[in-house]
Amino acid sequence: MNSTILLVLELVLCLITQTFLYKHYKTAGLYSYIIICLILTSLMSLKTITLYNFDVNLGIIPFITVFTSSNIIIQKNGPDAIKQLILTISVTSIISYAILYLVQLQEPSNINLFTSASYDNIFVDSLRMYFANFVTTLYSLLLNAKLYYYLKKMKNNILISNLFSTIIIHFLASILFGLIAYVFIKDPIDIIKIIMIRYLVSLIVGLIGTIPIYITKKVTE
């Protein structure tokens with residue numbers, strides 16, 4: 001199946017999931033969604049696909065929808081709620097990687113040797129990519145919380161708040177991820193291309209993410 005179609009299906013699934021979780025479980029549901037997405041995107045980012053002759057890391061869709069969930073939380077509870085979120089995802093990300101890495105260090109049995117070797121290869125030189133995703137997420141969420149709430153107070157318009165926070169924050173996030181993940185590994189022109197396609201996808205997904213923000217606005221805590 002075409003990569004673009006798969007990304008669109010992934011986006012639809014993510015947006016429906018986060019809307020469903022908020023409708024039924026409120027902020028706790030979004031916390032769960034964000035934690036799951038960050039674990040998935042950290043693993044998925046190790047694989048890249050070609051999108052219109054540009055290399056893009058998988059996991060970018062759930063990564064961007066994390067900011068949609070964050071904006072819903074800010075919309076409902078203010079920017080201070082993000083501080084608890086940052087602490088939660090920091091602890092869970094570190095613990096998750098530590099456990100997965102310890103499993104990789106264990107000697108496999110004679111059964112399923114090929115599967116065990118494949119699992120081990122996932123973590124070969126993966127710490128840098130995991131770290132890039134982790135740092136980009138934390139830094140961007142902190143900036144996004146301040147900017148989105150500032151725009152919300154100034155204009156009190158979901159579209160404007162989400163539009164400008166998406167344009168600014170994901171521009172910075174794309175650059176930060178590209179530099180941390182690939183500097184000294186890829187040629188500068190390749191890094192620029194990765195940043196460009198990542199930013200373009202982020203803009204599209206971030207703007208579409210306005211829809212669940214509007215939908216959840218009608219849901220009371």
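Conventions we followed
- Residues numbered from 1 in each chain as written.
- Predicted model: local features only at pLDDT ≥ 70, side-chain atom pairs only at ≥ 80, totals over all residues.
- Heavy atoms only, no water.
- Helix = DSSP H or I, 4+ residues; strand = E, 2+ residues; numbered from the N terminus.
- Rg over C-alpha atoms; globule rule 2.2 N^0.38 Å.
- Buried < 20%, exposed > 50% of the residue type's maximum accessible area, 1.4 Å probe, protein only.
- Pairing = 2+ DSSP bridges.

Structural notes on the overall build of the protein
Point 1. Along the protein, the regular secondary structure elements total 8 helices and 2 strands.
Point 2. Start at the N end of the protein and walk to the C end: the helices and strands fall as α-β-β-α-α-α-α-α-α-α.
Point 3. Whereas a compact globule of 221 residues would reach a radius of gyration of roughly 17 Å, the protein reaches 18 Å, a difference of no more than 12%.
Point 4. A principal-axis box enclosing the C-alpha atoms of the protein has dimensions of 60 × 40 × 35 Å.
Point 5. For the protein, with 221 residues in total, the buried portion stands at 46%.

Examining the pairing of strand E1 (residues 48–51)
Point 1. Only one face of E1 is covered, namely the face carrying Ile49 and Leu51; the face carrying Thr48 and Thr50 is uncovered.
Point 2. Pairing of E1 with strand E2 (residues 54–57), which is carried by 4 bridges, proceeds in the antiparallel orientation. Looking at the pairing, Leu51 lines up with Phe54 of E2.
Point 3. The hairpin formed by E1 and E2 contains 2 residues between the paired strands, and Tyr52 there has a positive phi angle of roughly 55°.

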